[in-house]
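Observations on chain architecture
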Amino acid sequence: MEAQARGLLETEPLQGRDEDTVASADFPSMLSEEEREELKAELVQLEDEITTLRQVLSAKERHLVEIKQKLGMNLMNELKQNFSKSWHDMQTTTAYKKTHETLSHAGQKATAAFSNVGTAISKKFGDMRRK
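Positions within a chain are numbered from 1, following the residues in the order the chain's sequence is written. With pLDDT at 70 or above as the cut-off, local features in this predicted model cover only qualifying residues; side-chain atom pairs require 80 or more to be listed or tallied, and sums for whole chains, interfaces and linings still use all residues. No hydrogens and no water enter the side-chain calculation; it runs on all heavy atoms of the structure.

Here a helix means four or more residues in a row that DSSP labels H or I, a strand means two or more in a row labelled E, and each is numbered from the N terminus. A tally of helices and strands in the protein yields six helices and zero strands. Of the regular secondary structure in the protein, the N- to C-terminal order runs α-α-α-α-α-α. Counting across all 131 residues of the protein, residues that qualify as buried make up 0%. In the form shown here, the protein has an accessible surface area of approximately 12,500 Å², with 60% of it arising from carbon and sulfur atoms. Buried, partly exposed and exposed residues are distinguished by accessible area as a fraction of the type maximum, computed with a 1.4 Å probe on protein chains only: under 20%, between the cut-offs, and over 50%, respectively. Only the protein chains shown count as covering a residue, and every accessible area follows the Shrake-Rupley method with a 1.4 Å probe.

With that out of the way, let us pick up the packing of aromatic side chains. Here the aromatic set is Phe, Tyr and Trp, taking the six-membered ring for Trp, and pairing holds for ring centres within 6.5 Å; pairs whose planes are under 30 degrees apart are stacked, those over 60 apart are edge-to-face, and all others are tilted. Enumeration according to the criterion identifies one aromatic pair in this entry. On the basis of an interplanar angle of 75° and a centroid distance of 6.1 Å, the ring pair of W87 and Y96 is categorised as edge-to-face.

Turning next to helix α4 (residues 33-70). Here α4 is 38 residues long and its end C-alpha atoms lie 56 Å apart, about the 56 Å a rise of 1.5 Å per residue gives. Once α4 finishes, G72 follows within two positions and takes phi at roughly 80°, a positive value. Expected span of a helix, by definition, is 1.5 Å for each gap between consecutive residues, and there is one gap fewer than residues.

We now examine the environment of Y96. Turning to its location among the elements, Y96 is positioned in helix α6 (residues 94-130). For Y96, a relative accessible area of 24% corresponds to the partly exposed category. Should any heavy atoms of two residues lie within 4.5 Å, those residues are counted as being in contact. For Y96, the contacting residues outside a window of four places in its chain are W87, M90 and Q91.

Relative to the 24 Å expected for 17 residues at 1.5 Å per residue, helix α5 (residues 75-91) spans 24 Å between its end C-alpha atoms, a close match to the ideal helical length. Between the side-chain oxygen of the N-cap and the backbone nitrogen of M76 there are 3.1 Å, and the N-cap of α5 in question is N74. Two N or O atoms form a polar contact when they lie within 3.5 Å of each other; inside protein one atom must be a possible hydrogen donor and the other a possible acceptor, and for residues adjacent in sequence the pair counts only when both atoms belong to side chains.

Like-charged residues are merged into a patch within 9 Å and nonpolar side chains (Val, Leu, Ile, Met, Phe, Trp, Tyr) within 5 Å, provided each residue has over 30% relative accessible area and no salt bridge. We count a salt bridge whenever a side-chain nitrogen from Lys or Arg sits within 4 Å of a carboxyl oxygen from Asp or Glu. A contiguous nonpolar patch, built from V117, I121, F125 and M128 and spanning about 420 Å² of accessible area, is present on the exposed surface. Relative to the elements of secondary structure, M128 occurs in helix α6.

Dropping the structure here:
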């Protein structure tokens, strides 16, 4: 008896032969007429509940849109707000700050290097003119 009870509570996935057994089982013939009628009634009730929930959700979505319109909110404003918030959040991360600092430092060095190259070229042209 305990082995049977444990079999109902197994949590292991079905194996290939188990799947074949389940697929080949003729469940409708295992049900009594009363069980079949109960299941059909439950099915109808579930379908009705799903339909009702979809209608309620649709009504709530319409109401949401109306409220947003009254508040002057539209998709573009929401996108702007989301983008601004995301940009701000990103700028406050340690990784962004370190990257910004590194790139800023590299930019300063590159500017100094180009300035030195420009000065050297100007000096060479100046020397060439004098000769």
